[in-house]
Structure formats: structure tokens, C-alpha cells
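# Breakdown of the fold
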Amino acid sequence: MYKKEDLKDKKYIRVMFGTTSGANGFEFKENEVNIAENWNPKEKEPDLMGGFNFSVEDKILRYLVRGDTVCDVTVPKDAEIIDCPSESCPHGIFRANKIIISNIRPMTDEIAMDFYIKSNLPEKSYYKSFAGCAVRGYKNTTTAIIKDRVNKDNINIAIAEFEDFVKPGYYWDKKGDENFVNKVREYLYNIKNKNV
């Protein structure tokens with residue numbers, strides 16, 4: 001669990017589509033203070049909360065589905081920052097009313113694998129993570145997570161989380177890799193059928 005004073009030493013990361021937020025279409029300016037138009041930090045609903053979300057290196061794996069680009073995030077000293085509670089990824093999403101983005105680079109399978117190696121997530125979150133990696137086409141990372149985390153004892157939960165996450169919808173509109181997702185699905189059901 002992160003304490004607020006520990007966060008100052010964490011490296012903040014954000015995933016998006018180029019310089020555009022996948023959540024609300026906000027167009028970020030690199031190396032400038034970006035100020036949220038909507039900011040209600042006491043709200044619990046993300047759509048009403050406003051602000052800009054970002055994560056940390058050991059949690060970002062869970063959110064790689066949210067873009068094809070990764071950048072570093074700096075929170076200005078006068079910004080407000082909150083930890084957004086989540087059972088699937090405690091202390092994994094933070095929001096602020098102001099952020100600066102820098103070091104924008106395309107997300108790759110190699111970067112995804114590095115985030116996986118650094119990750120510290122609840123076990124169930126790894127199933128959503130490999131689903132998100134599959135959607136984005138990070139084949140080596142997807143395969144590694146499945147190999148390391150999925151077995152006969154948890155295959156039904158892994159499949160349920162995967163299917164819940166890869167339903168057609170929002171992220172398919174953002175260059176999702178449906179062919180690879182289908183191959184992953186087939187592989188998971190093969191694991192299940194061999195263990196019945």
C-alpha cells in the first residue's frame with residue numbers, strides 16, 4: 001500500500017493514443033502544464049471525477065489496453081492528486097487536476113514486457129492484463145503472463161476475466177488486434193479442455 005509520502009519517489013506513467021486521451025479525447029501538450037476542465041476529487045464515479053489519470057510502473061500493466069503510446073507524467077507542485085481506489089488494482093490509478101507529460105514513445109511488446117517484469121498486481125488483475133496486452137497485440141507479453149499465471153486451477157477464472165475484458169466495444173475502435181485475441185481465446189480453451 002502506498003502512503004502519500006511514498007508517491008513522490010514513484011515514476012508516474014500514462015498510456016494514451018498518441019497525445020490524445022482514450023477516455024475523453026483530451027489533446028495533451030507535451031512538456032506543458034495540462035489543466036483539466038473538470039475536477040471533482042470527492043466524486044467516486046470516474047466520469048464525474050474529472051482530472052487526468054495515470055499510474056505507476058508496477059501497476060501500469062493493467063492499463064496498457066488504454067492506448068498505443070506511453071509517456072512519463074510529472075505532477076506540478078500546486079496540483080491536487082488523489083489515489084483512486086480499485087479492487088482490481090489497488091493504488092494503481094491516480095488522478096490530478098494538472099499534469100505534465102513528457103518522453104512520449106510508442107508502446108511496444110518490449111516495453112509491455114518490462115512493465116510485466118516490474119509488476120505487482122493482485123493475481124486476478126493479471127488475467128485482465130493479458131487480455132489487454134492481447135488486444136494491443138503484445139504477443140510475447142501476453143504469452144509470458146499466461147505461461148506464468150494461468151494453470152488448471154485458475155483457468156475458469158482466467159477465461160471469465162479474459163472474456164469480460166475483450167468484449168467488442170470501446171478499445172476495438174482503437175486498433176485492437178482481434179486476430180491475436182481469437183488465438184489467445186483458442187489457446188485458453190485448449191488449456192481448459194485438456195484439464196477437464
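Read on for a plain summary of the structure. Please read all numbers here as calculations on a predicted model, not as lab measurements.

Tracing the sequence through the fold places Thr20 in the loop between strand E1 (12-16) and strand E2 (33-35). Taking relative accessible area as the criterion, Thr20 reaches 23% and is therefore assigned partly exposed. Sequence-wise, Thr20 and Gly67 are 47 residues apart; in three dimensions their C-alpha atoms are separated by 9.0 Å. Not counting residues within four places of it along the chain, the set of residues in contact with Thr20 comprises Gly25, Phe26 and Glu27. Within the local environment of Thr20, its side chain forms a polar contact with the side chain of Glu27, the two groups lying 2.5 Å apart.

This next bit is on the pattern of salt bridges. Taken as a whole, this structure holds 10 salt bridges when the rule is applied. As a salt-bridge pair, Asp78 and Lys98 come within 2.7 Å of each other at their nearest N and O atoms. Residue Asp78 is located in the loop between strand E4 (69-74) and strand E5 (81-84), and its partner Lys98 is located in strand E7 (residues 98-106); the two are separated by 20 residues in the primary sequence. Among the charged side chains, a network of salt bridges with common partners joins Lys124, Lys128, Glu161 and Asp164.

As a further point, take the side chain of Arg14. Structurally, Arg14 is set in strand E1. Among buried charged residues, Arg14 stands out as having no salt bridge; its nearest opposite-charge side chain is Glu27, 10 Å away. Within the structure, Arg14 has its side chain in polar contact with the side chain of Ser21 (distance 3.2 Å). Within the structure, the side chain of Arg14 is placed 2.5 Å from the backbone oxygen of Asn53, a separation counted as a polar contact. Excluding residues that lie within four positions of it along the chain, Arg14 makes contacts with Ser21, Phe28, Phe52, Asn53, Phe54, Thr69, Val70, Cys71, Val73 and Ile99.

Spacing of three or four residues puts side chains on the same side of an α-helix, whose turn is 3.6 residues. Among the residues making up helix H6 (residues 155-165), those that are buried are Ile155, Ala158, Ile159, Glu161 and Phe162. End-on, the buried residues of H6 take up no more than an arc of 165°, which puts them together on one face. Turning to H6, the residues buried within the fold contact helix H4 (123-136) and helix H7 (178-194).

With that settled, consider the packing of H6 against H7. Taken N-terminus to C-terminus, the directions of H6 and H7 make an angle of 160°; their axes are 10 Å apart at the nearest point. Regarding the angle of H6 to H7, the classification is roughly antiparallel. Remark: the crossing between H6 and H7 carries left-handed chirality. Contacts from Ile155, Asn156, Ile159, Phe162 and Glu163 in H6 reach Val181, Val184, Arg185, Leu188, Tyr189, Ile191 and Lys192 in H7. Here the contact of H6 with H7 is built from residues that sort into eight nonpolar, one polar and three charged.

Ordered in space as E2-E7-E4-E1-E3-E6-E5, the seven strands form an open sheet in which the pairing is antiparallel. Two strands in the sheet have a free side with no partner beyond their single neighbour: E2 and E5. The mean angle between the axes of side-by-side strands here comes to 45°, regardless of whether they run parallel or antiparallel.

Conventions we followed
Residues numbered from 1 in each chain as written. Predicted model: local features only at pLDDT ≥ 70, side-chain atom pairs only at ≥ 80, totals over all residues. Heavy atoms only, no water. Helix = DSSP H or I, 4+ residues; strand = E, 2+ residues; numbered from the N terminus. Buried < 20%, exposed > 50% of the residue type's maximum accessible area, 1.4 Å probe, protein only. Contact = heavy atoms within 4.5 Å. Polar contact = N/O pair within 3.5 Å; in protein donor to acceptor, adjacent residues only side chain to side chain. Salt bridge = Lys/Arg side-chain N within 4 Å of Asp/Glu carboxyl O. Lys, Arg positive; Asp, Glu negative; His and termini not counted. Arc of directions from axis to C-beta. Axes fitted to C-alpha atoms, helices over the stretch in contact; angles between N-to-C directions. Parallel < 35°, antiparallel > 145°, perpendicular 65-115°, else oblique. Left-handed = near helix turned anticlockwise from the far one by under 90°. Nonpolar A, V, L, I, M, F, W, Y, C, P; charged D, E, K, R; others polar. Pairing = 2+ DSSP bridges.

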